[in-house]
Amino acid sequence: MDFWVNCLVVLIAMTNLRLLGSSRVVSCVHTVAFQGVLLGVLAIVGASGGLAAHGIVLAAVNIVLKGLVFPWLLMRALRETHLRREVEPAIGFGASMLLGVLLIGICLWIGSRLPLPVGVQASPLLVPAALFTLMVGLFMIVARRKALTQVVGYLSIENGITAFGLGFALKEALLVELGILLDAFMAVFVMGIIIFHISREFDHIDAGELSALKD
Amino acid sequence: MQLILASTAIIFLGGLLALAVASRPRAASVLAAVGAIAGSAVGLVPALRAVLGGTHDAIACPWGLPLGEFHVALDALSGLFLVPILVLTAVAAVYGTRYLGHDTGPRVGVSWFFYSLLTCGMIAVVVARDAVLFLLAWETMSLASFFLVAYDDRRESVRHAAWTYLVATHIGTAALIALFVLMARQHGSLDFDHWNAGGMTSALASLCFLLAVAGFGTKAGFMPLHVWLPEAHPAAPSHVSAVMSGVMIKTGIYGLLRILSLIGPPPAWWGWLLIAIGLSSGILGILFALAQHDLKRLLAYSSVENIGIIAMGLGLGVLGTAYAAPTVATLGYAAALWHVLNHALFKGLLFLGAGAVLHAAGTTRIDRLGGLARRMPRTAMAFLFGAVAVCGLPPLNGFTSEFLVFIAALNGMLSGDLLVGATTAAVIAGLAVIGGLAVACFTKACGTIFLGEPRTSEADEAHEAGGTMWATMALLMVACVVVGVASPWLIGRSLASPLAVLCPAPAGLPIDLNVASSPLTGVVLAAAAFIGIALILVLLRRRLLAGRSVTQSGTWDCGYQRPTARMQYTSSSFAQPLVDLFRGLLRPRRDAAPIVELFPTAAHLQTHVGDLFTDRLIAPAFRRVREVLSRLRWIQHGRVQWYVLYIALTLLVLLVWKLG
């Protein structure tokens, strides 16, 4: 049981590194979708003391939304904006990977220091992995120029929050998770539309160029 | 207490309904005004009971916010501020239905919504007993009034005034937040009831007092923190100016009083500071009022003057407490409280009168008006009564409260202490100067606007204020007279319970206001006799003229055949001797084309008096701040990614710092 949970957690952490290292937008989208599916599986595998109904619901919604709906929305936006398929990093891929390793270190340290309720964690690695996912999401937003990759970063943040929530068998977890998922769904939906409009208006979706809008 | 909450709910509901029917301005006005009247009627019952009976009534229950709790209470002090708030907002709302009657568009409904919100905010401020709740109410009040000031936002000057007000009020709120944090840390609670436990060091208490003076003084309009008043009051619609000047700035006085009642025994220098603020606000306020060319700006400066008088009363109260002179303390606080009430009445009346003038002639620039007494006699009469009251002439209500300050100061002189004697002597002299200048100021305003000949065609075609507007002005006018004449009886009954909250009497020594009310009775009776004699003379004159024919003709003008309306005293020329006398303080700017030729053709003369503190203190300070801060503009470069990085790094550093 613990073995499989640990495997999944390590896999999630590795998808983050792939997110940092991939040079194609499409593979970024696929990676973050894969991450979402992994989280869904984790929700089933990690459920301590048998499968509860809410665990299955959560897993199903996670897999359907993050594994199918979000990628589809993003791929459609990608297709309709006819943009070049490269990521256009502000920080190079090698440097990104190195920073990622540094972030793992920081996250492990924070995970060891965070005052968490004892005995409810599914795996000691889960909290660091969740934090790492969150920070990689933030990093994607900061260090990638395309608006689409920033949406990917946003989804990664959301995955991190989900992973964090999975670590604790809280009673209200289902409600909170579903609420966040709904938010994320709306956000991705809106962002997809906005990216389309930005690209039509400005002929590119380079968020760095938005500085032209400042006063 | 439930009635107060109900009244707030009714008023708010009126505002919401006005917002809902914003597409029909007339309906919105009526709904909001009905809500204001009904809410005030409901709220006045417990407020009056608290003032007259001295009851104390509270509701406390937890709420969902992480800090504080919902704790409201109604004691006599709250009640005393609640009465003018409820009365003036209801009266001004009725006036406003007519005043905004010609405006179209949804902004009327929106404005009424904020008007209700302002009223609810003020009520909540005076009943809140929890720091968080108080600050929420305070901000509601400030923001609602900001939107009310910005009503006519298509005019650049109005937008500027609204921003000035917003900046000023937030500087004040910043001081208040610091004050409440200090108090809460000291006592370990955000509840006001836990704050009078004492145990504050004198340095901490003084720091809290200074923060309260800065924070509440910005709202009240203490010099030099008054700079928003002469901007915001002229910009706002007149009924809003009346509410803001009449009661909203008094919430600053209320806050200061509340903190003074919680903070422990005051040292003497607090009193001196308040008296110094009062003297400077009073004298400079009325001087600047004298030099203004715009009626509403003049009234705004006059509010600063009256806040100065209130501050003097407060200062005498604090001084009396510090020197263990209960008579001085009681009379000082009584003067301040009584003037709060009276100023609400007569300043409300004056602003409504100014609104009627603006409504009729389209301007409040004094030099474009004139001769309005013949065109709008009822408004002229109401304004005259307000002016007499604001000048502190007996027997109207303004006189009674200034008289209380005099009595308090005279009692202070009798105390025998040299410092106290000198301070109170300064108060007496200052108040005398203020009184004299106020008479000059309002003679100028009344004379130039209502007497003489109209200077422009707009003034010539002015029409009398409509029935609703006149009725509200008449109500306030009657209130000024009644409160003034009945004051010897009213003071003792209405102020005893609020004073008991402020300066708990030493054991066995009941609060005694007789020392003030008995001479007041004499003055009021003498004034009544004087008015009676004047009436008899008028009747006599009418009797004598009864059988004769009375004709009107032009004044003999030394044979000159072509007088024009421009050959009258203007507001500048009337005030010129006094303005020149105080040239050093007022710094009038004069722009004149001197006459050099033997046969001069065109010439002009223009004078302008800016605000000393705005020009010399506030504007340079803000310029300096902007220079310093503009060096940080490179942070604000417009790159979204960098902004996210700032946030992420801040959060990460905070997390590491917390865990490390």
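Residues numbered from 1 in each chain as written. Chains lettered and ligands numbered in written order. Predicted model: local features only at pLDDT ≥ 70, side-chain atom pairs only at ≥ 80, totals over all residues.

### Observations concerning the overall build of chain A
Part 1 of the argument: Counting its secondary structure elements, chain A contains seven helices and zero strands.
Part 2 of the argument: Written out in order from the N terminus, the α and β elements of chain A read α-α-α-α-α-α-α.
Part 3 of the argument: For chain A, the residues scored as buried account for 42% of the 215 residues in total.
Part 4 of the argument: Within chain A, residue pairs in contact and separated by at least 24 positions form 73% of the contacts whose partners lie at least 6 positions apart. (Helix = DSSP H or I, 4+ residues; strand = E, 2+ residues; numbered from the N terminus. Buried ≥ 20, exposed ≤ 12 C-beta atoms within 10 Å, placed from the backbone. Contact = placed C-beta atoms within 7 Å.)

### Concerning the overall build of chain B
Part 1 of the argument: A count of helical and extended segments in chain B gives 24 helices and four strands.
Part 2 of the argument: For 660 residues, the compact-globule estimate of 2.2 N^0.38 gives 26 Å, and the C-alpha radius of gyration of chain B, at 26 Å, lies within 12% of that figure.
Part 3 of the argument: Seen through its principal axes, chain B has C-alpha atoms that stretch 95 × 70 × 55 Å.
Part 4 of the argument: Burial status across chain B gives 51% buried among its 660 residues.
Part 5 of the argument: A fraction of 81% describes how many contacts in chain B between residues 6 or more apart in sequence connect residues 24 or more apart. (Rg over C-alpha atoms; globule rule 2.2 N^0.38 Å.)

### Looking at helix 6 (residues 156-187) of chain B
Residues and elements named next belong to chain B.
Part 1 of the argument: Its 32 residues place the ends of helix 6 47 Å apart at the C-alpha level, agreeing with the 46 Å of an ideal helix rising 1.5 Å per residue.
Part 2 of the argument: Looking at the buried positions of helix 6, the neighbouring elements they touch are helix 5 (131-149), helix 7 (202-220) and helix 8 (229-235).
Part 3 of the argument: A positive phi of about 70 degrees marks G188, the residue just after helix 6. (Expected span 1.5 Å × (residues − 1).)

### Considerations on the environment of L274 of chain B
Part 1 of the argument: Position of L274 of chain B relative to the elements: it lies in helix 11 (residues 268-290).
Part 2 of the argument: Discounting residues that sit within four places of it in the chain, L274 of chain B has contacts with A311, L314, G315 and V318 of chain B.

### What about the packing of helix 1 (residues 2-21) of chain A against helix 4 (residues 93-113) of chain A?
Residue and element names in this part refer to chain A.
Part 1 of the argument: Running from N to C, helix 1 and helix 4 point in directions that differ by 155 degrees, and their axes come no closer than 8 Å. Accordingly, the angle class assigned to the pair helix 1 and helix 4 is roughly antiparallel. Crossing handedness for the pair helix 1 and helix 4: right-handed. For the pair helix 1 and helix 4, the contacting residues are N16, L17, L20 and G21 in the first and F93, S96, M97 and G100 in the second.
Part 2 of the argument: Per-class residue counts for the contact of helix 1 with helix 4 are four nonpolar, four polar and no charged. (Axes fitted to C-alpha atoms, helices over the stretch in contact; angles between N-to-C directions. Parallel < 35°, antiparallel > 145°, perpendicular 65-115°, else oblique. Left-handed = near helix turned anticlockwise from the far one by under 90°. Nonpolar A, V, L, I, M, F, W, Y, C, P; charged D, E, K, R; others polar.)

### Describing the packing of helix 3 (residues 76-99) of chain B against helix 4 (residues 107-127) of chain B
Residues and elements named next belong to chain B.
Part 1 of the argument: Running from amino to carboxyl end, helix 3 crosses helix 4 at an angle of 170 degrees, the nearest separation of the two axes being 9 Å. As judged from the angle between their axes, helix 3 and helix 4 are roughly antiparallel. Between helix 3 and helix 4, the contacting residues are S78, F81, L82, I85, T89 and A93 on the first element and Y115, T119, M122, I123, V126 and V127 on the second.

### Side note on the environment of A130 of chain A
Part 1 of the argument: Inspection of the secondary structure assignment puts A130 of chain A in helix 5 (residues 126-143).
Part 2 of the argument: Given 25 C-beta atoms within 10 Å, A130 of chain A falls into the buried group.

### Notes on the domain arrangement of chain B
Part 1 of the argument: What the domain assignment lists for chain B is domain 1 (265-504 + 517-541 + 567-592) and domain 2 (612-659).
Part 2 of the argument: Each of domain 1 of chain B and domain 2 of chain B has a C-alpha centre, and these two points are 44 Å apart. (Domains from an automatic or database assignment.)

### Things to note about unusual backbone geometry
Residues and elements named next belong to chain B.
Part 1 of the argument: Cis geometry is adopted by the peptide bond preceding P224, which originates at M223 and carries an omega value of 0 degrees.
Part 2 of the argument: Along the polypeptide, P224 turns up in the loop between helix 7 and helix 8.
Part 3 of the argument: With a phi angle near 55 degrees, A324 is a residue other than glycine that sits in the positive phi range.
Part 4 of the argument: Exposure remark for A324: the 11 C-beta atoms within 10 Å place this residue in the exposed category.
Part 5 of the argument: Positive phi values are uncommon outside glycine, yet R587 reaches one of about 50 degrees.

### Re helix 23 (residues 612-630) of chain B
Residues and elements named next belong to chain B.
Part 1 of the argument: Counted at 1.5 Å a residue, the expected span for helix 23 with its 19 residues is 27 Å, and the 26 Å between its end C-alpha atoms agrees.
Part 2 of the argument: Roughly 35 degrees is the biggest bend found in helix 23, and it falls at I618, with proline P620 one to four residues downstream.
Part 3 of the argument: Buried residues are scarce in helix 23, accounting for zero of its 19 residues. (Bend = angle between axes of the 7 residues up to and from the residue.)

### Considerations on the environment of I37 of chain B
Part 1 of the argument: On the secondary structure map, I37 of chain B appears in helix 2 (residues 25-53).
Part 2 of the argument: Remark: the alpha-carbon pair of I37 of chain B and E627 of chain B, spanning 590 residues in sequence, is separated by 49 Å.

### Observations regarding the nonpolar core
Most often, soluble globular proteins have nonpolar side chains that are buried together.
All names here are of chain B.
Part 1 of the argument: Counting 217 residues, the largest nonpolar core has V149, A334, L349, L404, V405, L476 and C480 as its most contacted members.
Part 2 of the argument: Of the residues forming this core, the biggest block, 23 residues, is contributed by helix 13 (residues 326-361).
Part 3 of the argument: Discounting chain neighbours no more than four positions away, the residues touching A334 are L404, I491, L495, L499 and L513. (Core = buried A, V, L, I, M, F, W, Y, C linked by C-beta atoms within 7 Å.)

### Observations concerning the confidence of the model for chain B
Part 1 of the argument: Across chain B, pLDDT averages 88, with 98% of residues at or above 70.
Part 2 of the argument: Predicted complex, confidence summary: ipTM 0.80, pTM 0.81. (pLDDT = per-residue confidence, 0-100.)

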